[in-house]
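What the coordinates show
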Amino acid sequence: MCFHTCCSKIIPVRKISLLPVLAFCLAQLLAGLPLAGAAISPPALSGRSPQQHPEPAPGMLLVARRGFTSPFFYHTVIFLLHHDAESSFGVIINQPRRKRLSEVVDGVEGSWLQDLPVYHGGPVDAYKMLILLRTSKPPLLTEPVTDDLHFSSYPLLLHDLALRKEAGITLRCYSGLASWSPGQLEDELRKGYWHLMQAEPGIVFQEGTENLWETLIDRLETVVPIKIE
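Right, let's walk through the structure included here. Quick caveat: nothing in here was measured; it's all calculated off a predicted structure. Along each chain, residues carry numbers from 1 onward, in the same order as the chain's sequence is written. Where totals are concerned, whole chains, interfaces and linings use all residues; where local detail is concerned, this predicted model gives features only for residues with pLDDT of at least 70, and gives and counts side-chain atom pairs only at 80 or more. Think of the side-chain values as coming from all heavy atoms in the structure, minus any hydrogens and water.

**Describing the nonpolar core**
Put simply, the test is: To form a nonpolar core, buried Ala, Val, Leu, Ile, Met, Phe, Trp, Tyr and Cys residues must be joined to one another through side-chain atoms within 4.5 Å. Remark: exposure states derive from per-residue accessible area (1.4 Å probe, protein chains only) relative to the maximum for the residue type, with buried under 20%, exposed over 50%, and partly exposed in between. By definition, residues are in contact when any of their heavy atoms lie within 4.5 Å.
Ranked by internal contacts, the top residues of the largest apolar core, which has 42 residues, are Leu61, Leu62, Phe79, Leu81, Ile93 and Trp194. When sequence neighbours within four positions are dropped, the list of residues in contact with Phe79 reads Gly59, Met60, Leu61, Gly90, Val91, Ile93, Leu132, Val145, Leu149, Ala199 and Val204. Counting residues in each nonpolar core, the second largest holds 16 residues, with Val105, Leu133, Ala162 and Leu171 among its members.

**Digging into the side chain of Ser111**
To be explicit about the condition: Each helix corresponds to a stretch of at least 4 residues labelled H or I by DSSP, and each strand to a stretch of at least 2 residues labelled E; elements are numbered beginning at the N terminus. Contacts described as polar in this section are N or O atom pairs within 3.5 Å, which, within protein, must combine one atom able to donate a hydrogen with one able to accept it, while residues neighboring in sequence count only if both atoms come from side chains.
Position of Ser111 among the secondary structure elements: in the loop between helix H3 (101-104) and strand S6 (117-120). In terms of polar contacts, Ser111 uses its side chain to reach the backbone carbonyl oxygen of Val108, at 2.7 Å.

**With respect to the environment of His82**
In this structure, His82 sits in strand S3 (residues 77-83). Residue class for His82 comes out buried when judged on its relative accessible area of 5%. Separated by 61 residues in the primary sequence, His82 and Glu143 have C-alpha atoms spaced 9.6 Å apart.

**Description of the pairing of S6**
Defined as follows: Think of it this way: DSSP has to see at least two bridges between two strands before they count as a pair.
The pairing of strand S5 (residues 96-100) with S6 spans two bridges and is antiparallel. Paired with Arg100 across the strands is Pro117, a residue of S6. Two elements, S6 and strand S10 (residues 170-180), share three bridges in a ladder whose sense is parallel. Looking at S10, one finds that Tyr119 is bridged to Tyr174.

As structure tokens, this is what we get:
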């Protein structure tokens, strides 16, 4: 599946600020550093040697390590939607915005969708939206991630769901996404930027994901207390 094909009709989002992104890009230019466009390479973690890691695949989580200080991915948990030799992309699942869907997308006012929170999915295409659904009967215009998780970038799906709610569907909306160029994600894993783990059932759609990174990182990394004499 090609990212540019499946996301060619991503839903526009009207009121999402790009000021943090622009400020970072300006700082990069003033410092004489190149901009990497959609594929942003974070700084290396000092003192960390390359290591063995499982292969990335759709349905897995990328959990930023404690020492990973990227301005875009600090303390993030990313749900990987797609990975192959050509591209990789996913959405940040632990950064809900203070916006409801009806505030940023036209056509859902008065429906069961209007009060759904909008999540910050990543720094790429911040004015566009991805829809993630959990259902055993995926509607048209969706792409599979796992057996019961599917995503879509088509506005017709969101508008259709606003008119009728199918039983057993859980839905979450993300503005923007995180993406990697060919080989970039594997390189970041080798350098130790991310923990890679299989997503547990329901973790992506759990309530209150703001503390999800802290919960997972305590599981993945043991902090050795400093002994003060």
